[in-house]
Amino acid sequence: MDQLVICLDVGGTFVKGTVYNNKNKPILEGINYYPAHANKGKEEILENFFQIMSDLYQQVAINEKIVQTLMIAFPGPCDYEQGICLIQGLNKYESLYQTNIKHALRQRIKHSQELPTTTDFSISIFNDGTAFAFGEYASQSFAQKKGIYIAIGTGCGSTFIKNEEMIRGAYGIPRSGMIFNEPYKEGVIDDYLSARGLEQMIEQVIGEKLSPKTISDRAKRGDQAALAIFNQFGQRAAEILTPYARLFHPDEIVFGGQISKSFEFMETGILAVFTKENIQTTVRATKDTSKAVIQGLNTLKIKKAGL
């Protein structure tokens, strides 16, 4: 009987998912997108997760297939080992605060006939930024020995990888392995290297509140003020990362998340700072954040299995 791995990338707007077989190969064409219902009540959100899993399974449920593993990429803050959501004040998944997601989904699966599982069925939850990092790292066939992976969206996700392992508490990297809560200027990095940090910069430069997408659209049309904002934001990103890059010496620095879609306008600012600071590394943006997250979940599953 074929054993399956269901991978979910839980975002604020969409939940993305696909299915891998026991040979670590995707058996769905592409990634499925589902509404997240992130602002709904706890039971509605959990039921939505379950229905998504069931739909993914039903698409491949031929020839006696059974689910062995559920891999979930979930935004922080979260106790990932226990599976307890700790999100507050982020306008998404707040009704799941203090909920043990692993336990809640197990109970739904246990009392349903829609999703057959193996006796050793397991659920693993990872930070979405970490999953993104391992997906990008794996996409290069592990050719890069060291990499810094930055996902800029609602907040700043960050992961440092060396020789296929996440680095924590070394090279100036916090014990958590993430830099979002590290001091920067009048706050922390998350306040500045994020969508809200970009929005504040837009208001300071232009004098009105405009969305990052609006400014990105203007930059694509060659608007000089919009281009200057992204150049400045790129400089900020590089300034924040310079102390870590100087100690860690990454082979690559990769940007993902919603803001990375404007990387072409940020790149000049990033490279200008890195050149000034003599930081020599490859800098690029992901081709597809969601694809990287899903691939990262499968990579983390393989690592966990010790294969």
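Up top is the structure these notes are about.
Here, residues in each chain are numbered from 1, in the same order as that chain's written sequence. Only residues with pLDDT of 70 or above have their local features reported here, since the model is predicted, and side-chain atom pairs are shown and tallied only from 80 upward, although totals for entire chains, interfaces and linings are computed over all residues. Only hydrogens and water are set aside when side-chain values are computed; all heavy atoms of the structure are taken into account.

Caption draft 1: Spotlight on the overall build of the chain. Along its length, the chain carries 9 helices and 14 strands. Against the globule reference of 19 Å for 307 residues, the chain gives a C-alpha radius of gyration of 20 Å, in line with a compact fold. If one aligns the C-alpha atoms of the chain with their principal axes, the spans along those axes are about 60 × 40 × 35 Å. Burial classes follow relative accessibility: with a 1.4 Å probe on protein chains only, a residue under 20% of its type's maximum area counts as buried, one over 50% as exposed, and anything between as partly exposed. Here the chain holds 307 residues, and the buried ones make up 52% of them. Should any heavy atoms of two residues lie within 4.5 Å, those residues are counted as being in contact. Put simply, 63% of the contacts in the chain that link residues at least 6 apart link residues at least 24 apart. For every accessible area listed, the method is Shrake-Rupley and the probe measures 1.4 Å; residues are considered covered only by the protein chains on display. Of the roughly 14600 Å² of accessible surface on the chain, 46% is carried by carbon and sulfur atoms. In DSSP terms, a helix is any run of H or I states spanning at least four residues, a strand is any run of E spanning at least two, and both are numbered starting from the N terminus. Atoms counted for the radius of gyration: C-alpha only. Globule rule: 2.2 Å times the number of residues to the power 0.38.

Caption draft 2: Local environment of the sheet that holds strand S14 (residues 282–285). Strands are treated as partners if at least two bridges between them are detected by DSSP. Pairing in this open sheet of 5 strands is mixed, and the strands run S10-S9-S8-S13-S14 from one edge to the other. Strand pairing shows two members of the sheet lacking a second neighbour, strand S10 (165–166) and S14, which therefore form its edges. Strand direction decides the pairing type here: strand S8 (residues 146–152) and strand S9 (residues 156–162), joined by 7 bridges, are antiparallel. In the sheet register, Ala151 faces S9, and the bridge partner there is Gly157. The convention used is that axes are lines fitted to C-alpha atoms, helices contributing only their stretch in contact, and that angles between N-to-C directions extend from 0 to 180 degrees. On top of the sheet, helix H3 (residues 128–139) reaches S8, S9, S10, strand S13 (252–256) and S14; it is set at about 45° to S9, its chief contact. Where helix H8 (residues 263–276) meets the sheet, it contacts S13 and S14, and its direction lies at approximately 160° from that of S14.

Caption draft 3: Spatial organisation of the side chain of Lys16. Here Lys16 lies in strand S2 (residues 14–20). Excluding residues that lie within four positions of it along the chain, Lys16 makes contacts with Cys7, Leu8, Asp9, Gly11, Ile31, Asn32, Tyr33, Ser290 and Ile294.

Caption draft 4: Structural detail: the state of the cysteines. Working definition: a disulfide is two cysteine sulfur atoms within 2.5 Å of each other. As enumerated under the stated definition, the model contains 0 disulfides in all. Cysteine Cys78 is unpaired, with the sulfur of Cys85 as its nearest cysteine sulfur at 5.9 Å.

Caption draft 5: Seen up close, the packing of aromatic side chains. Aromatic rings from Phe, Tyr and Trp, taking only the six-membered ring of Trp, are treated as a pair when their centres fall within 6.5 Å; an angle between ring planes under 30 degrees marks them as stacked, one over 60 as edge-to-face, and anything in between as tilted. Summed over all chains, the structure comprises 10 aromatic pairs. Members of the aromatic cluster, connected to one another through ring pairs, are Phe160, Tyr171, Tyr244 and Phe248. The lysine or arginine in question, Lys146, covers the ring of Phe248, its NZ or CZ lying 5.4 Å from the ring centre. Counted as over-ring charges are cases with an Arg CZ or a Lys NZ within 6 Å of the ring centre that also lie within 35 degrees of the ring normal.

Caption draft 6: Structural view of the sheet that holds strand S4 (residues 65–74). Spatially, the 5 strands line up as an open sheet ordered S3-S2-S1-S4-S7, and their pairing is mixed. The open sheet is flanked by strand S3 (32–35) and strand S7 (117–127), the only strands paired with a single partner. Direction aside, the axes of adjacent strands within the sheet are offset by 20° on average. Alignment of strand S1 (residues 2–10) against S4, held across 8 bridges, turns out to be parallel. When the bridges of S4 are listed, Leu8 appears paired with Ile72. On the sheet, H3 packs against S1, S4 and S7 and is oriented at approximately 100° with respect to S7.

Caption draft 7: Here's a closer look at the packing of helix H6 (residues 212–220) against helix H7 (residues 224–248). One way to put it is that H6 packs onto H7 with a least axis distance of 7 Å and a crossing angle of 115°. By crossing handedness, the relation of H6 to H7 is classed as left-handed. Taken together, the residues of H7 that come into contact with H6 (itself represented by Pro212, Ile215, Ser216, Arg218 and Ala219) are Ala226, Leu227, Ile229 and Phe230. Partitioning the contact of H6 with H7 into residue classes produces 7 nonpolar, 1 polar and 1 charged. Take the far helix as your reference; a near helix turned counterclockwise from it by less than a right angle gives a left-handed crossing, and one turned clockwise gives a right-handed crossing. Residue classes follow a fixed rule: Ala, Val, Leu, Ile, Met, Phe, Trp, Tyr, Cys and Pro count as nonpolar, while Asp, Glu, Lys and Arg count as charged, and any other residue, Gly among them, counts as polar.

In short, geometric facts, not functional conclusions.
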